[in-house]
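Descriptive analysis of the structure
For reference, the chains in residue letters:
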Amino acid sequence: MYQFLYFMNSLSTWVGKAFAWCIIVMTFGTTYEVIARYVFDAPTGWAFDMSYIMYGTLFMMGGAYTLCRDGHVRGDVIYRLWPPRGQAWIELVLYFVFFLPGMAALVYAGMDYAAESWSYQPYGPRGPSGEVSIFSPIGVPVSPLKTVLPVAAFLMILQGTAEVTRCIICIRTGAWPQRMHDVEELQDVLLKERERALEHSLHLDELPTPETTDQRKGEGQ
Amino acid sequence: MTDPQVALLMLGLLLLLILLGFPIAFTLIAMGVGFGFYAYYRPAVDWWDNSVFDLLVNQTYSVMSSDILTAIPLFLFMGYIVERANIVDRLFFTLNIAARGMPAPMAVAALLTCALFATAVGIIGAVVTLMGLLAFPALLKAGYDTKFASGVICAGGCLGILIPPSIMLIVYAATAGVSIVQAYAAAMFPGIMLAGMYMLFVMGRALINPSLAPKAPSEDTSTGQILWMVATSFLPLAVLIASVLGAILFGLATPTEAAAVGSFGGLVLAAAYRALTWERLKESVYLTVRTSAMVCWLFVGSWVFSSVFSYLGGEGLIKEFVVGLELSPLTFLIIAQIIIFLLGWPLEWSEIIIIFVPIFLPLLEPFGIDPLFFGVLVALNLQTSFMTPPMAMAAYYLKGVSPPHVQLMDIFKGCFPFLGIVIFAMVILYNFPGVALWLPDYIYSVR
């Protein structure tokens, strides 16, 4: 069970991190477009389509990774007052009632949507098939982005089974299994370092400053 | 049950279900699909051909290909890079020396650092914790009053959600269907006004009660040295922000392009400060994907939910009801702002803007309220929800990093006068809407 959980979490993490690098493509591609337009007076035909394709891929494929790090926002004012077992029961039910059906609908509808998009033949019956963008004459293909939709939703289902497993473990043992963690928001890192420092010593001058956080680890899984 | 009644049931259920603590994006998607299935059910059509599936996939793809939301990951990335660029300490100590001649110089420097850094970073927690570790102990050591100093840090750290290029304003623009350019233009002067009022308050209090803020010891730093320090710390960040904003407001680049150039500039800046390590780049990239996924999946949920909600006639019903109350626009505005203020207790700004603000948006037109104006009021309003108990994020972050003898109560008391200033700013804005609306009108008339 733990092995299954570990495998699913690693898969979502790996995919999410791989697609996270789309942000670099976006940054450099779009910066290139601005330079090309103002310095070389030769705007590109692909930059606009590239930016939303990268953005759409980035956040969709990052959804499962975010779920596995508990990054999707919750209204947890009351939730956090409950004992872990109570939380786990509610979550378990809601994963089956809400999450899995919702994502299954997205996979089902998304597959039709992507298939239809791939069946277009914008260059005539002999040309390559697949829908192209309407925003520029150079015909940036958008079928891949539409394919991302069901694929991302399917990954969400996979990660959803991992979350269900966490709930079952928690119901059995009475405690949530620890989440994998890597990088955290700066404020959380600083707050934790502060707590640790207070535990170890009460000398104020040994407390962390922003400089000492340089050595914090980013990849400690 | 009539369809509009079903829609109300849907909204009521949502409010209850949010409290269960399940990730809201998926609650919204599932409720949208479930109620949509009912709404679009036709006996003659097989269940698997129900139009709700088309609606689901179309709304999801609209989020995926939105040219407004594209700017969000880029601005987040810029923020995460700048946050890690070792810039705060330089900025604060330089401004501290440069502000020597003023009353309460260190508080003024802290406020300016917060404002500038928060503007570039746009993430409240990071600004407040970094400044809480750096400026707060320095302020206390210099003999500043604890309450006074904590108010300065909290209030300054929250400015980032109002002053453009704020991510909150992009989210509002996407929700309300206004252009980012106009939203930024509208928030520009109110943001500067609020920062200016904070500044005047800090200096004024120090003049009236000098025991709160001791004078700076006179050091012999030559003007040339100060200029050099300003040129290497304050200027690069200020230029980065100004060029991003300028490019957007003057129409030289779309918000997405400006954000990309801003991220690029952030990378260059971090490299120049020798803070751009592989480790930090990875951290920024991974945090960007997580925060973007959080915000954008919330949009997927909200757009699916709200299109089913208005198809069932829920929007019309609420509009009819509220218009039927025959409120004056002022009463409506005050009630709306109070509701948003109260929502700020249990919810985060992203949920408030993406899920609850859409309920108010169709009501703006019958009351003759400009959605831009409303957006600026909401941004001002949300400042306060970060500083008021029980969910005062800014205060909790500061408490978390401050020396043990600083009490949470002191921090709240310190924030209190700043809350008064925010409310005062909202009153000014209501009486002189031109503060917000002049710049967007001007930009439109020029183009």
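Residues numbered from 1 in each chain as written. Chains lettered and ligands numbered in written order. Predicted model: local features only at pLDDT ≥ 70, side-chain atom pairs only at ≥ 80, totals over all residues. Heavy atoms only, no water.

1. Points about the overall build of chain B
The following threshold applies: Numbering of helices and strands starts at the N terminus; helices are DSSP runs of H or I of at least 4 residues and strands are runs of E of at least 2. C-alpha atoms define the radius of gyration in this analysis, and the globule rule sets the expected value at 2.2 Å times the number of residues to the power 0.38. The cut-offs for exposure are 20% and 50% of the maximum accessible area for each residue type, with area from a 1.4 Å probe on protein chains only; residues under the lower value are buried, those over the upper are exposed, and the others partly exposed. Working rule for contacts: check all heavy atoms of both residues, and any pair within 4.5 Å makes them a contact.
For chain B, the count of helices and strands is 20 helices and 0 strands. Taking 22 Å as the expected radius of gyration for a compact globule of 447 residues, we find that chain B reaches 23 Å, a close match to that expectation. Over its C-alpha atoms, taken along the principal directions, chain B stretches across nearly 85 × 50 × 50 Å. In chain B, which comprises 447 residues, the proportion classed as buried is 62%. In chain B, once contacts between residues fewer than 6 apart in sequence are set aside, the share between residues at least 24 apart is 80%.

2. Details of a nonpolar patch on the surface
Convention followed: Nonpolar side chains (Val, Leu, Ile, Met, Phe, Trp, Tyr) are joined into patches within 5 Å and like charges within 9 Å, using only residues with over 30% relative accessible area and no salt bridge. Accessible surface is estimated by sampling points in the Shrake-Rupley manner with a 1.4 Å probe; for residues, cover comes only from the protein chains shown. In the sections that follow, a salt bridge refers to a side-chain nitrogen of Lys or Arg positioned within 4 Å of a carboxyl oxygen of Asp or Glu.
Together, Ile 35, Tyr 38, Val 39 and Phe 40 of chain A together with Phe 250 and Leu 252 of chain B give the surface a local cluster of nonpolar side chains, amounting to about 690 Å² of exposed area. With respect to the helices, strands and loops of the structure, Phe 40 of chain A is situated in the loop between helix H2 (22–38) and helix H3 (47–61).

3. Points about the layout of surface pockets
All names here are of chain B. The line we're drawing: Both site types are read off a 1 Å grid over the protein atoms alone. A 1.4 Å probe that fits but cannot get out defines a cavity, while an open set with protein on both sides within 12 Å along at least five of seven lines defines a pocket; lining residues have an atom within 4 Å of a point. Grid points are joined across faces, edges and corners, and a volume is the space filled by probe spheres set on the points.
Approximately 450 Å³ is the volume found for the second largest pocket. As for the second largest pocket, its lining consists of 18 residues, of which Ile 334, Gln 337, Ile 423, Met 426 and Val 427 are closest to the centre. Among the elements of the structure, helix H15 (329–343), helix H17 (371–385) and helix H19 (408–431) are those that each provide at least two residues to the lining of the second largest pocket. Ranked by residues supplied to the lining of the second largest pocket, first place goes to H19 with 8 residues.

4. Some words on unusual backbone geometry
Cis geometry marks the peptide bond from Pro 164 of chain B to Pro 165 of chain B; its omega dihedral reads 0 degrees. Among the structural elements, Pro 165 of chain B can be located in the loop between helix H8 (146–158) and helix H9 (167–176).

5. Concerning helix H16 (residues 349–364) of chain B
How we decide: The bend at a residue is defined as the angle formed between two axes, one fitted to the seven residues ending at that residue and one fitted to the seven starting there.
By the largest-angle criterion, Val 357 of chain B marks the main kink of H16 of chain B, which is about 50 degrees, and a proline, Pro 358 of chain B, follows within four residues. For H16 of chain B, a buried count of 13 out of 16 residues is recorded, marking the element as mostly surrounded by other parts of the structure.

6. Describing the packing of H8 of chain B against helix H18 (residues 393–401) of chain B
Residue and element names in this part refer to chain B. As a reminder, the rule being used: Orientation is described by lines fitted to C-alpha atoms, with helices fitted over the stretch in contact, and by angles between N-to-C directions that extend from 0 to 180 degrees. Any angle between 65 and 115 degrees counts as roughly perpendicular, while under 35 counts as roughly parallel, over 145 as roughly antiparallel, and the rest as oblique. Crossing handedness is read from the near helix: turned anticlockwise from the far helix by less than a right angle, it gives a left-handed crossing, and turned clockwise, a right-handed one. As a working rule, the residues Ala, Val, Leu, Ile, Met, Phe, Trp, Tyr, Cys and Pro are called nonpolar, Asp, Glu, Lys and Arg charged, and the rest polar, with Gly in that last group.
Between H8 and H18, the shortest axis-to-axis distance is 9 Å and the interhelical angle comes to 125 degrees. On the basis of their axis angle, the class for H8 and H18 is oblique. Like other packed secondary-structure pairs, H8 and H18 cross with a definite hand, here right-handed. Of the residues in H18, those touching H8 at Ser 150, Ile 153, Cys 154 and Cys 158 are Ala 394, Ala 395 and Leu 398. Here the contact of H8 with H18 is built from residues that sort into 6 nonpolar, 1 polar and no charged.

7. Thoughts on the environment of His 181 of chain A
Residues and elements named next belong to chain A. Positionally, His 181 belongs in the loop between helix H6 (143–173) and helix H7 (186–200). By relative accessible area, which is 40% here, His 181 ends up partly exposed. Taking the C-alpha atoms as reference, His 181 lies 25 Å from Met 103; in sequence the two are 78 residues apart.

8. Description of the packing of aromatic side chains
Which entries qualify depends on this criterion: Each Phe, Tyr or Trp ring, with Trp reduced to its six-membered ring, pairs with another whose centre is within 6.5 Å; inter-plane angles below 30 degrees give stacked pairs, above 60 give edge-to-face pairs, and intermediate values give tilted ones.
Scanning the model with the defined rule gives 27 aromatic pairs over all chains in all. With centroids separated by 5.1 Å and ring planes inclined at 85 degrees, the aromatic side chains of Tyr 198 of chain B and Phe 418 of chain B adopt a geometry described as edge-to-face. Here Tyr 198 of chain B is found in helix H10 (residues 180–208), whereas its partner Phe 418 of chain B is found in helix H19, with 220 residues between them in sequence. Like Tyr 198 of chain B, the residue Phe 418 of chain B is buried in the burial classification. Members of the aromatic cluster, joined through ring pairs, are Tyr 55, Phe 59, Tyr 95 and Phe 99 of chain A together with Phe 22, Phe 26 and Trp 297 of chain B.

9. Topic: the packing of helix H4 (residues 71–83) of chain B against helix H12 (residues 255–272) of chain B
Residues and elements named next belong to chain B. It is the contact of H4 with H12, at a shortest axis distance of 8 Å, that shows an interaxial angle of 15 degrees. Put simply, H4 runs roughly parallel to H12. For the pair H4 and H12, the sense of crossing is left-handed. The segment H4 lies against H12, with Ala 71, Leu 74, Phe 75, Phe 77, Met 78, Ile 81 and Val 82 engaging Pro 255, Thr 256, Ala 259, Ala 260, Gly 262, Ser 263, Gly 266, Leu 267 and Ala 270. Residue composition of the contact of H4 with H12, grouped by class: 12 nonpolar, 4 polar and no charged.

10. A few points about empty space enclosed by the protein
Residues and elements named next belong to chain B. Here the structure, examined in full by the defined rule, presents 2 cavities of 30 Å³ or more. Its boundaries defined by the atoms lining it, the second largest cavity holds a volume of some 30 Å³. Leu 169, Tyr 172, Ala 183, Leu 372, Gly 375 and Val 376 are the residues that line the second largest cavity. At the level of elements, H9 and H17 are the ones that each hand at least two residues to the lining of the second largest cavity. Residues of the lining of the second largest cavity, tallied by class, amount to 5 nonpolar, 1 polar and no charged.

11. Some words on the interface of chain A and chain B
The cut-off we apply is this: Buried area is understood as the total, over both parts, of accessible area removed when two parts are fitted together, assessed with a 1.4 Å probe. Polar contacts here mean pairs of N or O atoms no more than 3.5 Å apart (in protein, one a potential hydrogen donor and the other a potential acceptor; neighbouring residues in sequence count only if both atoms are side-chain atoms).
Across the boundary between the two partners, chain A contributes 77 residues, which contact 83 residues of chain B. With both sides pooled, the region where chain A packs onto chain B buries about 7,100 Å², and carbon together with sulfur makes up 74% of that total. Ranking the residues of chain A by area buried against chain B places Tyr 55, Val 73 and Phe 98 of chain A at the top, with a combined share of 10%. Here chain A is connected to chain B by 1 salt bridge. The closest approach of N and O atoms between Glu 257 of chain B and Arg 37 of chain A, which form a salt bridge, is 2.9 Å. Where chain A packs against chain B, one counts 9 residue pairs in polar contact (both at pLDDT 80 or more). Of all the elements in the fold, those that place two or more residues in the side of chain A that touches chain B are helix H1 (2–20), H2, H3, helix H4 (63–68), helix H5 (84–119), H6 and H7 of chain A. Of the residues forming the side of chain A that touches chain B, the biggest block, 14 residues, is contributed by H5 of chain A. Within the side of chain A that touches chain B, the residues separate by chemical class into 45 nonpolar, 16 polar and 16 charged.

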